[in-house]
Amino acid sequence: MSCILFVGQTNVRLARMTLRKLLCLILLVATGLSVSLAAETAALQSLTAELYEPLSFSIEIDPTLYTNPFDSADVELLGIFQSPGGERVVVRGFWMQPYSEAGVPAGSGQWAVRFTPTQAGAWTYSLQVRDNGTVVTTQDGRLEVMPSERRGFIRVGENNRYFRYDNGETYFPIGHNMNWSWDGGGGLETYLGWLEELSKAGGNYARLFIDVPWFIHLEWAGPAGDYRAAQREAAQLDVILDVAEEYGIALQLVLLWHQSIVTYNGPPVLIPEFPPRPSVAADWDDHPYNIVNGGPLSGPGVFFYNERAETLFRRRLDYIAARWGYHPQVFAWEITDRIDRMSNYDPQVSGDWLQRNIGHLRRTDPYRHPITVGSQVFDPVIAANPLLDFTSLQFYQRRPIEAVTEQVSGAVDLIRRQLALNPIPVLMTDYSLNPWFEPLADDPDGIHLQNTLWAVALSGSAGGAMSDWWHTYVIPEGFSRYYAPLAAFVAGVDWAGLNLQPAEAGLLLEDAGNYAPVRLNNFNRQFTALVQDVTRRDVTADGVFPHLNSQPSYLYGRLYNNQYAQAQLYRVAPPLDTYLQIAVRSVSAQAGARLVVTVDNEIALELDLRAGARDVAARIPLKAGEHNITLDNSGDDWLELDYIEIGQMIAPARVLTLRDAEAGVALAWIQHRDYTWEAVNERVMRESLLFRYQLSRMPAGRYLIEIWDPLVGGVLGEEVQLVEEDGILTVELLPMDTMLALRAVLQPDSPEPEQIAVTEIAPIPQIAVTEAPASLPDLTTTHVPLVVQTNTPRPAVTVTR
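Procedures and definitions
Residues numbered from 1 in each chain as written. Predicted model: local features only at pLDDT ≥ 70, side-chain atom pairs only at ≥ 80, totals over all residues. Heavy atoms only, no water. Helix = DSSP H or I, 4+ residues; strand = E, 2+ residues; numbered from the N terminus. Buried < 20%, exposed > 50% of the residue type's maximum accessible area, 1.4 Å probe, protein only. Contact = heavy atoms within 4.5 Å. Areas by Shrake-Rupley, 256 points an atom, 1.4 Å probe, with all protein chains shown as cover. Core = buried A, V, L, I, M, F, W, Y, C linked by side-chain atoms within 4.5 Å. Expected span 1.5 Å × (residues − 1). Arc of directions from axis to C-beta. Pairing = 2+ DSSP bridges. Axes fitted to C-alpha atoms, helices over the stretch in contact; angles between N-to-C directions. 1 Å grid on protein atoms, 1.4 Å probe; cavity = no way out; pocket = protein on both sides within 12 Å on 5 of 7 lines; lining within 4 Å. Points joined across faces, edges and corners; volume = space filled by probe spheres on them. Nonpolar A, V, L, I, M, F, W, Y, C, P; charged D, E, K, R; others polar. Parallel < 35°, antiparallel > 145°, perpendicular 65-115°, else oblique. Left-handed = near helix turned anticlockwise from the far one by under 90°. Polar contact = N/O pair within 3.5 Å; in protein donor to acceptor, adjacent residues only side chain to side chain. pLDDT = per-residue confidence, 0-100.

With respect to the overall build of the protein
What the protein contains, in helices and strands, is 11 helices and 40 strands. Out of the 801 residues in the protein, the part that is buried amounts to 58%. The contacts of the protein with a sequence gap of at least 6 include a subset with a gap of at least 24, amounting to 76%. Carbon and sulfur atoms form 50% of the exposed surface of the protein, whose accessible area is close to 30900 Å².

Written as structure tokens, this is what we have:
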């Protein structure tokens, strides 16, 4: 990072120093950056910059021109930039108060336009000051942008499933929530330390709330729509973004804390006194939108309806986009963290509000950062919103007051449901066993973190799962060490370019008695239920995706109730030759039915059922491998399904696979079913398992196979494997009692068979889970010294980088 300062006639170059001291010094000298802007005309300036280098143009505006510097109807500063390609980029300016290292105002406030060039070549720009819509001052200049190795902003990739930088590199988010710090916990200094630690652990993502009264916010300390009292907090975010750039961490910024629009009644459990944590009891009673505090709203329930509140919120969006939108370390805007927990939530009304404000944010943000919204509970209305760039999922189980479901199955179910509903990138941005405090007593070894991290990454999510309780669990217990293995595994994979889709692979054991059947019976048993999401369902060893609760148990006939008639589609991939059994609970009393089952478009069963029949079951053989199965009713009236069962499906280990069947790429994660936090707590003895991994529909050719250790990272063994024309990839795995990962990549221009060297895979001793590895690879990015330099002085405008 570098800064160019045009201050008087003085050339200043700062010697290399620690990052934090230098950033604080920049805040100190910021008051010297503002230079009087000449009235109507000024000398044309020629500046130089690097591609994707953040710039700040600082000018002086007569304070008598405005009453509220944050009201664009009162005063407005715009930067109008013309790209080498002829596109016009309009950037809002903003007012700011610089702060010193000691957290006190450093000089008077200043006006700035922040801009990051997205094309190399010759730009022109014009800075315009408008008073009540009338242009009163302009300053023009030229900007020569040189090519650079900076990666640029993060976008949704070409395949609409993963993320990439502007330069084409993939961005696969790995990290955790770092929602806030607080003065009692070390404040900004502590937060910067967390960024450094996350970077060293291999992380590249953090989620930060910028609307909480104890850390970063704009409105909690002052009147609604006036941010002068929050400038210290805003300056802290300036520093955080610059430090995040040095450490390679992209930030998902939460713009509206849901609890500000509710009356908080406190948690239903007793929160431990240790470790220390900030008080999070602030709510609507303290918020400046509250009429009691001088705001426009009589209660939080009218927030989604009130025009004045929406105007104020959009003013906040304008300021956020103007001050921080220029920074490539802003990964995404999250409008709010839990829209479904805000007062008077209604999916349709809140969805309309969301669409209006997403549209406004897109218009005010020229860099088009990805936009998302949080929801505590999966809501199809929110998840299907067409304006979202990606969806953010949360998976909070309710320990200690409720029994929890199996962690991996619950997380994967959410990912698969979202992908079936809206095939855009999806991130699990928040999860824990406990929504109120850290699950240290339940899982002192962080095993649910390991499992959820890998399961989500290999189930179709656009990144790893992001744990909560960073400051009381993940960081103090050293669990961020689990990120480096996943970061190494995903490195080099063209996530944004490949067509990686969830696929069902088999884990083969010699003894078929080690497998259990899968039975599906959790249908919607309402008689006139319509299918809400007409889609194929994937039947796996862990259940059905999407869930069966929206699938009617009735198959309607051709004559009666035929308006509800609809076939059911399933995909299944049993690892062994087995059976498919369909049980019919009952048939209409007025007419018969005919159950028709097709497997891979060929009729496998036609079963005539008389009127009033009950408890009928039929079983057909099913070969190992992937199959598409259709259930239909070609009779006159309805039949009701009791269950569907596939035998020999559940192995003693689970496998999650992503496959690009055209490019010849497969990525997999294999987990011993007894390697869970519950089983470890109960001291369940795990038997070491030896499987053969099998995946179909892979293009013929030679593959480089790598077997990875997900716990400490690194390749345990590799070999070259030949896939024949049948498209079946088979890999002999290593003995396992925790987890393994696998990468298989089709090799171009493969040599003749006799030239292929196959690496012998020696047995690897099992790794103790509870012990941290002796050392992890240091993935900290190389830091470039931060330098402040001065070019030829100009009289009218200051540019900082």
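Side note on the nonpolar core
By size, the foremost hydrophobic cluster in this structure holds 164 residues, and its most contacted members are Phe115, Leu195, Leu208, Ile240, Leu251, Phe303 and Phe331. Residue contributions to this core peak at nine residues, all from helix 4 (residues 307-324).

Quick look at helix 2 (residues 187-200)
Between its first and last C-alpha, helix 2 extends 21 Å over 14 residues, near the 20 Å set by a 1.5 Å rise per residue. Of all the residues in helix 2, the buried ones are Gly187, Leu188, Tyr191, Leu192, Trp194, Leu195, Leu198 and Ser199. Axial view of helix 2: buried residues confined to an arc of 155°, hence all on one face.

Focus: the sheet that holds strand 37 (residues 729-732)
Pairing within the open sheet is antiparallel, and its three strands lie in the order 20-34-37. Every other strand in the sheet has two partners, leaving strand 20 (506-508) and strand 37 as the edge strands with one partner each. Within the sheet, the average angular offset between the axes of one strand and its neighbour, ignoring direction, is 25°. By the bridge criterion, four bridges tie strand 34 (residues 692-695) to strand 37 in an arrangement that is antiparallel. For Arg692, the partnering residue across the bridge sits in strand 37 and is Glu732.

Things to note about empty space enclosed by the protein
Taken as a whole and assessed by the stated rule, the structure comprises 13 cavities of 30 Å³ or more. Of the volumes computed, that of the second largest cavity is approximately 240 Å³. Taken together, 24 residues make up the lining of the second largest cavity; nearest its centre are Glu504, Ala505, Thr540, Ala541 and Val655. Elements supplying a minimum of two residues to the lining of the second largest cavity: helix 7 (407-421), strand 20, strand 22 (537-540) and strand 32 (653-660).

Section: the environment of Leu312
Considering the arrangement of structural elements, one finds Leu312 in helix 4. Separated by 86 residues in the primary sequence, Leu312 and Asp226 place their C-alpha atoms 9.4 Å from one another. Once residues lying within four places of it in the same chain are set aside, the contact partners of Leu312 are Ala224, Gly225, Tyr227, Tyr289 and Pro296.

A short note on the layout of surface pockets
It is a probe the size of a water molecule, rolled over the atoms, that shows where empty space is left. For the second largest pocket, the calculated volume is near 890 Å³. For the lining of the second largest pocket, the elements supplying multiple residues, two or more each, are strand 13 (205-209), strand 17 (391-396) and helix 9 (470-474). Residues of the lining of the second largest pocket, tallied by class, amount to 15 nonpolar, nine polar and eight charged.

Notes on the packing of helix 7 against helix 8 (residues 447-457)
Across the interface, helix 7 lies against helix 8 with an axial gap of 9 Å and an inter-helix angle of 30°. Compared by their axis directions, helix 7 and helix 8 come out roughly parallel. Along this stretch, helix 7 crosses helix 8, giving a crossing that reads as right-handed. Contacts from Gln407, Val408, Ala411, Val412 and Ile415 of helix 7 reach helix 8 at His448, Asn451, Thr452, Ala455 and Val456. Of the residues belonging to the contact of helix 7 with helix 8, the class tally is six nonpolar, four polar and no charged.

Considerations on the sheet that holds strand 11 (residues 170-171)
Sheet architecture is open: three strands sit in the order 9-10-11, paired in antiparallel fashion. A single partner strand is all that each edge strand has here, and the edge strands are strand 9 (154-156) and strand 11.

Observations concerning the packing of helix 3 (residues 231-247) against helix 4
Contact geometry for helix 3 and helix 4: axes closest at 11 Å, N-to-C directions at 40°. The orientation of helix 3 with respect to helix 4, classified from their angle, is oblique. Crossing geometry of helix 3 relative to helix 4 is assigned as right-handed. In contact with Gln231, Ala234, Ala235, Leu237, Asp238 and Leu241 of helix 3, helix 4 contributes Tyr319, Arg323 and Trp324. Looking at the contact of helix 3 with helix 4 residue by residue, the class counts come to six nonpolar, one polar and two charged.

Structural notes on the pairing of strand 8 (residues 134-146)
Regular strands have side chains that alternate between both faces of the sheet. Here six bridges tie strand 2 (residues 45-50) to strand 8, and the two strands are oriented parallel to one another. Of the residues in strand 8, the one forming a bridge with Gln45 is Gly141. Here 11 bridges tie strand 7 (residues 121-131) to strand 8, and the two strands are oriented antiparallel to one another. Opposite Gln128, over in strand 8, you have Thr138 as the bridge partner. Between the antiparallel neighbours strand 7 and strand 8 lie two residues, among them Asn132 with a positive phi of about 55°.

Some words on helix 4
If you check helix 4, its first and last C-alpha atoms are 26 Å apart, about what 18 residues at 1.5 Å a residue would give, namely 26 Å. Most of helix 4 sits inside the fold, with 14 of its 18 residues counted as buried. The N-cap residue of helix 4 is Asn306: its side-chain oxygen and the backbone nitrogen of Arg308 are 2.9 Å apart.

Focus: the confidence of the model for the protein
One rule of thumb: low pLDDT means the predicted coordinates there are not for detailed reading. In the predicted model, the protein carries a mean pLDDT of 87, and the fraction of residues at 70 or more is 87%. Confidence drops under pLDDT 50 across residues 1-42; counting only partners more than four residues distant or on other chains, this segment forms 117 contacts. Across residues 752-798 the pLDDT falls below 50, and counting only partners more than four positions away or on other chains, this stretch makes 117 contacts in the model.

Notes on the side chain of Arg155
Residue placement: Arg155 occurs in strand 9. A relative accessible area of 19% means that Arg155 is categorised as buried. In this structure the side chain of Arg155 is engaged in a polar contact, spanning 3.4 Å, whose partner is the backbone oxygen of Arg368. Beyond its immediate chain neighbours, meaning those up to four positions away, Arg155 contacts Tyr162, Phe163, Arg164, Asp166, Tyr367, Arg368 and His369.

Overview of unusual backbone geometry
Among all residues save glycine, negative phi is the norm, and among peptide bonds the norm is trans. In this structure, Pro275 follows Phe274 across a cis peptide bond, with omega equal to 0°. As for its position among the elements, Pro275 is in the loop between strand 14 (250-254) and helix 4. Following Arg399, the chain continues to Pro400 via a peptide bond in cis, the omega torsion being 5°. Residue position: Pro400 is located in the loop between strand 17 and helix 7. If you check the backbone angles, Tyr52 has positive phi at about 65° while not being a glycine. Position of Tyr52 relative to the elements: it lies in the loop between strand 2 and strand 3 (55-59). In this model, Asn561 sits at a positive phi of 55°, which is unusual for a non-glycine residue. One can find Asn561 in the loop between strand 24 (554-555) and strand 25 (568-572).

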